[in-house]
Amino acid sequence: MTNIAAIEMRGLTRAFGAVVALDHLDLRVEQGEIFGFLGPNGAGKSTTIRLLLDLVRPTDGSASILGFDCRRETIEVRRRTSYLPGDLRLYPGLNGHQTIELFAGLRHDAVDLTRAYRIAQELELDLSKKASALSKGNRQKLGVLIALLGEPAVMLLDEPTSGLDPLVQRVVWELLRREANRGATVFFSSHVMSEVEVTCERVGILRQGRLVAVEPVAALKGRSGRHVEVSFAGHAPPPEVFALPGLLELRREASTLEFEVAGEIDPLLKALSPFHVLDLRTEQATLDEILLHYYEKAQPR
Amino acid sequence: MKRFVVARKAFRDARVTAIGGGILSFSLALMYVLLFPSIQESFEELELPEYMESFSGAAGSYSTPEGYLATEFFTAVPITLVIFAIVAGTAATAGEESAGTLELLLAQPIRRRRVIIEKAGGIGAAVSVALLAGLPGIYLGQVFVDLDVGPLRTLAAMMTTLPLLFVFAALAMVLGASLPTRALAVAGATALAVIAYVVHTVGALVDSLSEVRKLTPFYWSDASRALVGDFEVWRSVVLLTVSVALVGLAAWAFERRDVAGGGREIRWRRWLRFRRTVSNGPTIGA
């Protein structure tokens with residue numbers, strides 16, 4: 001059982017006429033993983049999640065969840081998954097209790113409502129109010145609660161912390177980590193880099209419907225560039241000294257140079273050794289910068 | 001999964017149809033019955049034009065209790081409730097899709113066809129409440145006024161009218177499940193209802209349309225026969241069969257299409273593209 005992927009996509013494609021929203025996506029997410037699905041608006045993140053739930057149909061390729069085909073065995077898939085839409089709309093006339101009872105009633109397996117009410121307390125969510133009277137943040141909390149009903153094996157969450165304040169975001173991240181600890185797979189789309197950094201083990205980066213990277217977060221950061229600022233005792237050496245592969249001079253002042261270094265820093269250190277260096281400061285590129293690099297420069301593979 | 005969760009929700013959503021239609025049906029029934037003695041007196045000596053007498057159908061004359069009920073209550077109320085049924089029918093899928101709530105519902109482990117069938121059940125129940133609220137109105141009026149139509153005959157007339165409402169609610173569900181916007185589904189179903197009603201009414205007087213009117217649901221829902229004790233069950237069976245077939249068609253259409261998310265209705269162009277993709281692409285099917 002353990003070698004069955006939580007989510008597997010094989011050449012998953014969705015086109016709307018000439019517009020290809022998702023282009024031959026191949027991706028495997030393991031059970032128990034927290035996987036971040038990143039990309040700019042319109043990259044195809046929501047379409048991917050909606051394809052997994054059979055809300056939209058692929059024009060080519062296939063996907064499976066826990067070994068069940070997302071088209072042919074969609075009920076088996078949906079028995080094991082939960083969903084939080086990116087643009088959540090709830091029944092305005094139902095209050096929190098009624099909403100929870102409605103969606104709990106649609107699950108095949110018995111739902112522990114006591115647990116749901118406990119989570120509502122953790123989220124400081126008032127279930128007596130009608131959805132129409134809730135703020136966006138509170139509606140989002142209710143959406144998170146619906147996604148947690150019935151302890152699903154796979155959670156598909158489209159920007160789960162959208163509209164939540166930082167404190168509640170932390171509670172949600174903690175809830176997701178708890179779900180992963182009990183063995184659930186969490187697959188969520190986001191463009192909030194900080195939440196990806198603190199919650200995800202791996203990320204996939206989507207650009208214009210194509211997957212441009214799938215990496216563990218640590219590897220992505222490790223492989224990425226860093227900023228290096230060097231201060232010299234006298235004038236900075238001429239530019240030709242630093243004409244090295246992977247080295248880009250960003251700023252030059254009388255006695256200070258700033259570089260962007262891709263990969264190892266060793267060639268730069270060797271190039272600096274003949275000179276009198278007063279100070280050297282390095283700074284890892286943030287995940288934001290890494291993602292911007294992928295969004296702007298990376299060619300779809 | 002709990003039983004009839006979606007059906008109960010659909011009934012709740014159609015409560016405006018049930019309560020509003022029910023009040024309308026009850027009030028009109030009571031009013032028509034209470035007005036009968038004065039109407040009868042005025043019209044007994046009159047010879048009505050042929051088109052007016054045609055509303056009385058098998059009941060014969062407008063001045064008889066059966067003819068009066070057939071012409072007034074069983075003409076005005078069904079055509080009004082047909083509109084209520086159309087509104088409720090399109091709300092089932094197209095309405096939820098426009099509101100953006102359909103996406104989360106269909107992400108639950110429930111088949112689309114079951115959603116359609118349960119919603120049809122909930123809407124059918126709401127429409128039934130609306131029409132049958134007319135019964136106590138008629139019975140109450142008969143306490144005060146001498147309108148000699150037996151309670152079972154009135155009930156039979158209701159039973160022959162009810163499937164008419166089911167047909168139009170189911171037709172609205174087909175259009176709501178197939179067309180890209182709710183407004184279009186309401187407009188389409190209403191247009192079909194009006195055309196059917198006109199053909200049925202004119203067909204009663206124009207020989208060349210007498211066969212065509214058999215294609216309209218109104219022809220098969222003939223309350224006047226039931227009011228004179230000639231309740232033909234098979235006519236209701238025909239309408240019920242058509243209703244079930246239409247619900248089946250709605251489920252089939254609904255199974256085969258994308259669901260818009262976030263309250264965005266599927267745009268025409270995108271919808272047409274998808275239709276083309278469905279007809280060409282082997283990977284998409286029912």
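Up top is the structure.
The structure reproduced in this document is the subject of the present report. Values in this document were obtained by computation on a predicted structure and should not be read as measured data.

1. As for empty space enclosed by the protein
Piece 1. Tallied over the full model, the rule gives 3 cavities of 30 Å³ or more.
Piece 2. If you go around the largest cavity, the residues you meet are A:Tyr91, A:Leu102, A:Leu106, B:Val5, B:Val6, B:Lys9, B:Glu96, B:Leu105 and B:Lys119.
Piece 3. The set of elements that each furnish at least two residues to the lining of the largest cavity consists of α3 (96-106) of chain A together with α1 (5-13) of chain B.
Piece 4. When its residues are assigned to classes, the lining of the largest cavity shows 6 nonpolar, no polar and 3 charged.
Piece 5. The calculated volume of the second largest cavity comes to roughly 40 Å³.
Piece 6. Along its surface, the second largest cavity is lined by A:Leu12, A:Leu51, A:Pro58, A:Ser62, A:Ala63, A:Cys70 and A:Arg71.
Piece 7. Taken together, the residues of the lining of the second largest cavity break down into 5 nonpolar, 1 polar and 1 charged.

2. So, the sheet that holds strand β5 (residues 68-69) of chain A
All names here are of chain A.
Piece 1. Pairing within the open sheet is antiparallel, and its 4 strands lie in the order β2-β1-β4-β5. In the strand order of this sheet, the two ends are held by β2 (19-29) and β5, each with one partner.
Piece 2. Looking at chain direction, strand β1 (residues 7-16) and β2 are connected through 7 bridges and run antiparallel. In the sheet register, Ile7 faces β2, and the bridge partner there is Val29.
Piece 3. On the sheet, helix α1 (residues 45-52) packs against β1, β2 and β4 (60-65) and is oriented at approximately 115° with respect to β1.

3. Let's talk about the packing of helix α2 (residues 15-43) of chain B against helix α5 (residues 73-99) of chain B
All names here are of chain B.
Piece 1. Here α2 crosses α5 at 175°, and the two axes come no closer than 11 Å. Classified by the angle their axes make, α2 and α5 are roughly antiparallel. Across from Val16, Thr17, Gly20, Gly21, Leu24, Ser25, Leu28, Ala29 and Tyr32 in α2, the residues of α5 making contact are Phe73, Ala76, Val77, Thr80, Leu81, Phe84 and Ala88.
Piece 2. Among the residues forming the contact of α2 with α5, the class breakdown is 11 nonpolar, 5 polar and no charged.

4. Quick look at the interface of chain B and chain A
It is common to report an interface's size as the accessible area lost on association of the parts.
Piece 1. Across the boundary between the two partners, chain B contributes 37 residues, which contact 33 residues of chain A.
Piece 2. For chain B, the biggest contributors to the area lost against chain A are B:Glu103, B:Leu104 and B:Pro109; these three give 20% of the whole.
Piece 3. Scanning the region where chain B abuts chain A turns up 2 salt bridges.
Piece 4. A:Arg50 is paired through a salt bridge with B:Glu103; the nearest N and O atoms lie 2.4 Å apart.
Piece 5. Linking chain B to chain A there are 15 residue pairs in polar contact (both at pLDDT 80 or more).
Piece 6. Counting only elements with at least two residues in the side of chain B that touches chain A, the list comes to α1, α5, α6 (102-106) and α14 (268-280) of chain B.
Piece 7. Taken together, the residues of the side of chain B that touches chain A sort by class into 14 nonpolar, 9 polar and 14 charged.

5. A look at the nonpolar core
In globular proteins that are soluble, nonpolar side chains generally tend to be buried together.
Piece 1. Core analysis: the biggest nonpolar cluster contains 155 residues, and A:Ile7, A:Leu156 and A:Phe187 have the highest contact counts within it.
Piece 2. Among the elements that take part in this core, helix α9 (residues 151-178) of chain B stands out by supplying 16 residues, more than any other.
Piece 3. Ignoring any residue separated from it by four or fewer positions in sequence, one finds A:Phe187 in contact with A:Ile7, A:Met9, A:Leu27, A:Val29, A:Phe35, A:Phe37, A:Ile49, A:Met155, A:Leu156 and A:Leu157.
Piece 4. With 12 residues, the next largest nonpolar core counts A:Phe232, A:Val261, A:Ala271 and A:Leu272 among its residues.

6. A word on helix α10 (residues 182-203) of chain B
Residues and elements named next belong to chain B.
Piece 1. Helix length check: α10 (22 residues) gives 31 Å between terminal C-alpha atoms against 32 Å at 1.5 Å per residue, within 8%.
Piece 2. Restricting attention to buried positions, one finds in α10 the residues Ala185, Ala189, Ala193, Ala196, Val199, His200, Thr201 and Gly203.
Piece 3. Each element contacted by the buried residues of α10 is listed here: α5, α9 and α11 (217-220).
Piece 4. If you check the start of α10, you find a side-chain oxygen 3.2 Å away from the backbone N of Leu184, and it comes from Thr181.

7. Quick word on the sheet that holds strand β9 (residues 202-207) of chain A
Residue and element names in this part refer to chain A.
Piece 1. Pairing within the open sheet is mixed, and its 6 strands lie in the order β6-β7-β8-β3-β9-β10. Because the sheet does not close on itself, it has two edges, and the strands there are β6 (81-84) and β10 (210-216). The mean inter-strand angle of the sheet, taken between neighbouring strand axes irrespective of direction, is 15°.
Piece 2. Taken together, the 4 bridges between β6 and strand β7 (residues 154-158) define a ladder with parallel strand orientation. Paired with Tyr83 across the strands is Leu156, a residue of β7.
Piece 3. Lying on the sheet, helix α5 (residues 136-148) is in contact with β6 and β7; it crosses β6 at an angle near 170°.

8. Quick word on α3(A)
Piece 1. Most of α3(A) sits out of view: 8 of its 11 residues are buried.
Piece 2. The complete set of buried residues in α3(A) reads A:Gly96, A:Thr99, A:Ile100, A:Leu102, A:Phe103, A:Ala104, A:Gly105 and A:Leu106.
Piece 3. On its buried face, α3(A) sits against α4 (113-122) and α5 of chain A together with α1 and α6 of chain B.
Piece 4. Two to three positions downstream of the cap, the backbone nitrogen of A:His97 sits 3.0 Å from a side-chain oxygen, assigning the N-cap of α3(A) to A:Asn95.

9. Overview of a negative patch on the surface
All names here are of chain A.
Piece 1. Taken together, the side chains of Glu260, Glu283, Asp288 and Glu289 present a region of like negative charge at the surface.
Piece 2. Its location among the elements puts Glu260 in strand β13 (residues 256-261).
Piece 3. Judged by relative accessible area, which is 34%, Glu260 ranks as partly exposed.

10. Points about the packing of aromatic side chains
Piece 1. Evaluation of the coordinates by the stated rule reveals 11 aromatic pairs over all chains.
Piece 2. Taken together, a centroid distance of 6.5 Å and an interplanar angle of 20° make the contact between A:Tyr91 and A:Phe103 stacked. Placement of A:Tyr91 in the loop between β6 and α3 and of A:Phe103 in helix α3 is noted, with a sequence separation of 12 residues between them.
Piece 3. Residue class for A:Tyr91 comes out buried when judged on its relative accessible area of 7%.
Piece 4. Judged by centre distance (4.8 Å) and plane angle (55°), the rings of A:Phe242 and A:Phe259 are tilted. Linking A:Phe242 in the loop between β11 (226-232) and β12 (247-252) with A:Phe259 in strand β13, this pair joins segments that are 17 residues apart in sequence.
Piece 5. Among the aromatic residues, those joined into a ring-pair cluster are A:Phe35, A:Phe37 and A:Phe187.
Piece 6. Over the face of the ring belonging to A:Tyr91 we find B:Lys9, whose NZ or CZ atom lies 3.8 Å from the ring centre.
Piece 7. B:Arg235 extends its terminal NZ or CZ atom over the ring of B:Tyr219, reaching a point 5.0 Å from the ring centre.

11. Topic: a nonpolar patch on the surface
All names here are of chain B.
Piece 1. Together, Leu152, Leu155, Met159, Phe231, Val233, Trp234 and Val237 make up a nonpolar patch on the protein surface, roughly 640 Å² of accessible area in all.
Piece 2. Only α9 and α13 (233-255) provide two or more residues apiece to the nonpolar patch.
Piece 3. As for its placement among the helices and strands, Val237 is situated in helix α13.

Basis of the calculations
- Residues numbered from 1 in each chain as written.
- Chains lettered and ligands numbered in written order.
- Predicted model: local features only at pLDDT ≥ 70, side-chain atom pairs only at ≥ 80, totals over all residues.
- Heavy atoms only, no water.
- 1 Å grid on protein atoms, 1.4 Å probe; cavity = no way out; pocket = protein on both sides within 12 Å on 5 of 7 lines; lining within 4 Å.
- Points joined across faces, edges and corners; volume = space filled by probe spheres on them.
- Helix = DSSP H or I, 4+ residues; strand = E, 2+ residues; numbered from the N terminus.
- Nonpolar A, V, L, I, M, F, W, Y, C, P; charged D, E, K, R; others polar.
- Pairing = 2+ DSSP bridges.
- Contact = heavy atoms within 4.5 Å.
- Axes fitted to C-alpha atoms, helices over the stretch in contact; angles between N-to-C directions.
- Parallel < 35°, antiparallel > 145°, perpendicular 65-115°, else oblique.
- Buried area = accessible area lost by both parts, 1.4 Å probe.
- Salt bridge = Lys/Arg side-chain N within 4 Å of Asp/Glu carboxyl O.
- Polar contact = N/O pair within 3.5 Å; in protein donor to acceptor, adjacent residues only side chain to side chain.
- Core = buried A, V, L, I, M, F, W, Y, C linked by side-chain atoms within 4.5 Å.
- Buried < 20%, exposed > 50% of the residue type's maximum accessible area, 1.4 Å probe, protein only.
- Expected span 1.5 Å × (residues − 1).
- Patch = residues over 30% accessible without salt bridge, like charges linked within 9 Å, V, L, I, M, F, W, Y side chains within 5 Å.
- Areas by Shrake-Rupley, 256 points an atom, 1.4 Å probe, with all protein chains shown as cover.
- Lys, Arg positive; Asp, Glu negative; His and termini not counted.
- Charge placed at Lys NZ, Arg CZ, Asp CG, Glu CD.
- Phe/Tyr/Trp six-rings, centres within 6.5 Å; stacked < 30°, edge-to-face > 60°.
- Lys NZ or Arg CZ within 6 Å of the ring centre and 35° of its normal.

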